[in-house]
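# Inside the fold
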Amino acid sequence: MDTRMIDGYGLRYGFLSGYERLLRDRNRINDINVFPVADGDTGNNMVSTLQSTVVALPVTRSLGAALDAVADGALSGARGNSGLILAQYLNGLALECSGRAAMGAREFGVALSNAASHAYRALENPREGTLVSVLRVWSDEMRRLGETARDFNEAFLSSVGAAREALARTKGQLAELRRANVVDAGASGFVSFLEGIAHM
């Protein structure tokens, strides 16, 4: 496999690995769910949303075709606030990568950053210290690393640290999270997803 690029096959492997890690962490994520409502279902909602994407994923070399299917699955199967945010992000990414067979780290980093902006615009009242913050920080880090990276996998592995740091900061960004002394559950679910990809 050419690690300098990401194609539909690489996306599929990544999503399956990320989903498996999220599934493993679901109960922990449910337990820290206090914002916007302490209803203990963020882990379930994110698993359900991502399950809709992995079920929809075709076996195709085309990155654009794979992401179109991912976005359709996420939009139709999104559950809860975090699921809706993630679906909008993936839809933005699919639009950015439309028609592309594969992309290198530089191009894909730009696409991720633009997708994060798409997710922000889709929200009526985006709140810092939630999933949208971590999406933006990680996507912007991928864009930064992509400027000089020759290897897509290397850029991705280096970017996960920025997502972890952004997640840790959420504990102090919202009053509800400070009182409960927890990080944002939706953001934690996304970092679990990234970590699953990193360890595939």
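As a reminder, the structure under discussion sits directly above these lines.
For the structure given in this document, a descriptive report is provided here. (Residues numbered from 1 in each chain as written. Predicted model: local features only at pLDDT ≥ 70, side-chain atom pairs only at ≥ 80, totals over all residues. Heavy atoms only, no water.)

It is worth spelling out the overall build of the protein at this point. A tally of regular secondary structure across the protein gives nine helices and two strands. Helices and strands in the protein line up, N terminus first, as β-α-α-α-α-β-α-α-α-α-α. What you see for the protein is a C-alpha radius of gyration of 15 Å, in line with the 16 Å of a compact globule of 200 residues. Counting every position in the protein, which comprises 200 residues, the buried fraction comes to 53%. (Helix = DSSP H or I, 4+ residues; strand = E, 2+ residues; numbered from the N terminus. Rg over C-alpha atoms; globule rule 2.2 N^0.38 Å. Buried < 20%, exposed > 50% of the residue type's maximum accessible area, 1.4 Å probe, protein only.)

Looking now at unusual backbone geometry. The phi angle at N181 is positive, at roughly 55°, despite the residue not being glycine. For N181, the position within the fold is in the loop between α8 (175–180) and α9 (185–198).

Turning our attention to the pattern of salt bridges. When charged atoms on two side chains of opposite charge get close, those side chains can pair. Counting across every chain of the model gives ten salt bridges. Where D25 meets R24, a salt bridge forms, and the shortest distance between an N and an O atom there is 3.6 Å. Judged by its relative accessible area of 8%, D25 is buried. By relative accessible area, R24 is classed as exposed at 61%. Residue R164 is joined to E195 by a salt bridge in which the shortest nitrogen-to-oxygen separation is 2.7 Å. On the criterion of sequence distance, the pair formed by R164 in helix α7 (residues 152–169) and E195 in helix α9 is long-range, its members being 31 residues apart. For R164, a relative accessible area of 39% gives the class partly exposed. A relative accessible area of 12% means that E195 is categorised as buried. (Salt bridge = Lys/Arg side-chain N within 4 Å of Asp/Glu carboxyl O.)

The next subject is helix α5 (residues 105–122). End to end, α5 covers 25 Å across 18 residues, agreeing with the expected 26 Å (1.5 Å per residue, within 8%). In this structure, the buried residues of α5 make contact with β1 (5–7), α3 (63–77), α4 (80–96), β2 (102–104), α6 (131–146) and α7. (Expected span 1.5 Å × (residues − 1). Contact = heavy atoms within 4.5 Å.)

It is worth spelling out the environment of L22 at this point. Along the chain, the position of L22 falls in helix α1 (residues 8–31). Residue classification places L22 among the buried residues on the basis of a relative accessible area of 0%. It is 6.6 Å that separates the C-alpha atoms of L22 and V47, two residues lying 25 residues apart in sequence. Not counting residues within four places of it along the chain, the set of residues in contact with L22 comprises I29, M46, V47, L50, G189 and S192.

Let us now look at α1. When the terminal C-alpha atoms of α1 are compared, their 34 Å separation across 24 residues agrees well with the 34 Å that a helix rising 1.5 Å per residue should span. Taken as a whole, α1 carries its principal kink of about 55° at D25. Listed as buried for α1 are G8, G10, L11, G14, F15, G18, Y19, R21, L22, D25, I29 and N30. The N-cap of α1, judged by a side-chain oxygen 3.1 Å from the amide nitrogen of Y9 a few residues on, is D7. (Bend = angle between axes of the 7 residues up to and from the residue. Polar contact = N/O pair within 3.5 Å; in protein donor to acceptor, adjacent residues only side chain to side chain.)

Attention now goes to the packing of aromatic side chains. Applying the stated rule across the entire model yields six aromatic pairs. With 5.1 Å between their ring centres and 70° between their planes, F15 and F193 make a pair best called edge-to-face. Of the two residues, F15 sits in helix α1 while F193 sits in helix α9, which places them 178 residues apart along the sequence. The pair F15 / F193 is uniform in exposure class, with both members buried. Judged by centre distance (5.7 Å) and plane angle (70°), the rings of W138 and F190 are edge-to-face. On the criterion of sequence distance, the pair formed by W138 in helix α6 and F190 in helix α9 is long-range, its members being 52 residues apart. Both residues of the pair, W138 and F190, belong to the buried class. (Phe/Tyr/Trp six-rings, centres within 6.5 Å; stacked < 30°, edge-to-face > 60°.)

At a minimum axis separation of 7 Å, α4 and α5 run at an interaxial angle of 135°. The orientation of α4 relative to α5 falls into the category oblique. Handedness of the crossing formed by α4 with α5: right-handed. Residues I85, Q88, Y89, N91, G92, L93, L95 and E96 of α4 pack against F108, A111, L112, N114, A115, A116, H118, A119 and A122 of α5. When its residues are assigned to classes, the contact of α4 with α5 shows eleven nonpolar, five polar and one charged. (Axes fitted to C-alpha atoms, helices over the stretch in contact; angles between N-to-C directions. Parallel < 35°, antiparallel > 145°, perpendicular 65-115°, else oblique. Left-handed = near helix turned anticlockwise from the far one by under 90°. Nonpolar A, V, L, I, M, F, W, Y, C, P; charged D, E, K, R; others polar.)

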